[in-house]
Amino acid sequence: MMKKATIAIVSSLVLIPTISLANNSNAIESNVNFSGPADLSSVMTLIKESSMFSDEKDVIVEGHFLSQISKDTYLFSDGEGQIEVEVDDDIHLMTPINSKTKLRIYGEFEGGSIPEIEAEHIQIL
């Protein structure tokens, strides 16, 4: 009887901190929803400065999806220019969006014959 109680106590002492830390790390990540100022890029500037041999560049843009081109590609506008945005498969928005929903897209701009942004994160504003 004493042996079972000791095993139960030791198991609890080991598992409780592990479970607690696992839950806290997930809570921190999911609770951050910053909507303050950001260093935004203009779609027109990105397109003008791009070339066939442009390097990839991390960007943040704000605007709206105008239409869906394919399963994971959308036409995006910031009000001044338009660009294709490819959305990663691991991005899931919990709120439905439409062409009037203002978005902040964090991604990677790629120049070339068809400039595009590969979205890594999308925030509804």
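Our structure is the block above this text.
Residues numbered from 1 in each chain as written. Predicted model: local features only at pLDDT ≥ 70, side-chain atom pairs only at ≥ 80, totals over all residues. Heavy atoms only, no water.

K.L.:
Looking at this structure, I do not really get the pattern of salt bridges. What am I missing?
P.N.:
Pairs can form between side chains of opposite charge once their charged atoms are near each other. Scanning the entire structure with this criterion turns up 2 salt bridges. The partner of lysine 102 in a salt bridge is glutamate 62, and the shortest N-O contact between them spans 3.7 Å. Of this pair, lysine 102 sits in the loop between β3 (82-87) and β4 (103-110) while glutamate 62 sits in strand β1 (residues 57-68), placing them 40 residues apart in sequence. A residue is classified by how much of its surface remains accessible, and glutamate 62, at 16% relative accessible area, is buried. Of the charged contacts in the structure, one is a salt bridge between glutamate 62 and arginine 104, with a shortest N-O distance of 2.6 Å. Taken as a pair, glutamate 62 in strand β1 and arginine 104 in strand β4 lie far apart in primary sequence, 42 residues in all. Of the residues examined, arginine 104 reaches a relative accessible area of 3% and is grouped as buried. (Salt bridge = Lys/Arg side-chain N within 4 Å of Asp/Glu carboxyl O. Helix = DSSP H or I, 4+ residues; strand = E, 2+ residues; numbered from the N terminus. Buried < 20%, exposed > 50% of the residue type's maximum accessible area, 1.4 Å probe, protein only.)

K.L.:
When you look at the sheet that holds β1 in this model, what are you seeing that I'm missing?
P.N.:
Two pairing modes exist for strands in a sheet, parallel and antiparallel, and in both the strands are linked by backbone hydrogen bonds. Around the barrel, 5 strands lie side by side as β1-β2-β3-β5-β4; this closed barrel has mixed pairing. Across the sheet, the axes of successive neighbouring strands diverge by a mean angle of 55°, strand direction being ignored. (Pairing = 2+ DSSP bridges. Axes fitted to C-alpha atoms, helices over the stretch in contact; angles between N-to-C directions.)

K.L.:
Could you clarify how one ought to interpret the pairing of strand β2 (residues 73-77) in this entry?
P.N.:
Across a regular strand the side chains alternate sides, sitting on one face of the sheet and then on the other. Where β1 and β2 come together, 4 bridges link them in antiparallel fashion. The residue of β2 that forms the bridge with phenylalanine 65 is phenylalanine 76. The hairpin formed by β1 and β2 contains 4 residues between the paired strands. Relative to β3, β2 runs antiparallel, the two sharing 5 bridges.

K.L.:
How should the nonpolar core be read in this particular structure?
P.N.:
In a soluble, globular protein the nonpolar side chains are often hidden away together inside. Core analysis: the largest hydrophobic core is formed by 16 residues, its most contacted members being Phe65, Phe76, Ile83, Val85, Ile105, Ile117 and Ile122. For this core, the secondary structure elements donating two or more residues are α2 (43-49), β1, β3, β4 and β5 (116-124). The residues contacting isoleucine 117, other than those within four sequence positions of it, are Leu46, Val59, Val61, Ile83, Glu84, Val85, Glu86, Ile105, Gly107, Glu108 and Phe109. (Core = buried A, V, L, I, M, F, W, Y, C linked by side-chain atoms within 4.5 Å. Contact = heavy atoms within 4.5 Å.)

K.L.:
Sorry if this is basic, but what is going on with a nonpolar patch on the surface here?
P.N.:
On the surface, Leu93, Ile97 and Ile124 cluster together into a nonpolar patch covering about 190 Å² of accessible area. With respect to the helices and strands, leucine 93 occurs in the loop between β3 and β4. (Patch = residues over 30% accessible without salt bridge, like charges linked within 9 Å, V, L, I, M, F, W, Y side chains within 5 Å. Areas by Shrake-Rupley, 256 points an atom, 1.4 Å probe, with all protein chains shown as cover.)

K.L.:
I would appreciate a short explanation of a negative patch on the surface in the present structure.
P.N.:
Residues Asp55, Glu56, Asp58 and Glu120 make up a contiguous surface patch of negative charge. Looking at the element boundaries, aspartate 55 is found in the loop between α2 and β1. When its relative accessible area of 66% is taken as the criterion, aspartate 55 is described as exposed. (Lys, Arg positive; Asp, Glu negative; His and termini not counted. Charge placed at Lys NZ, Arg CZ, Asp CG, Glu CD.)

K.L.:
What is the right way to read the packing of aromatic side chains from this model?
P.N.:
Per the counting criterion, the structure on display carries 2 aromatic pairs. Between the aromatic rings of phenylalanine 65 and phenylalanine 76, the centroid separation amounts to 6.2 Å while the plane-to-plane angle is 80°, which identifies the pairing as edge-to-face. Of this pair, phenylalanine 65 sits in strand β1 while phenylalanine 76 sits in strand β2, placing them 11 residues apart in sequence. Just as phenylalanine 65 is buried, phenylalanine 76 falls in that class too. (Phe/Tyr/Trp six-rings, centres within 6.5 Å; stacked < 30°, edge-to-face > 60°.)

K.L.:
Explain the pairing of β1 to me, please; I cannot follow it from the model alone.
P.N.:
Here β1 pairs with β4 via 7 bridges, running antiparallel. Paired with valine 61 across the strands is isoleucine 105, a residue of β4.

By themselves, these observations are geometric and do not establish any function.
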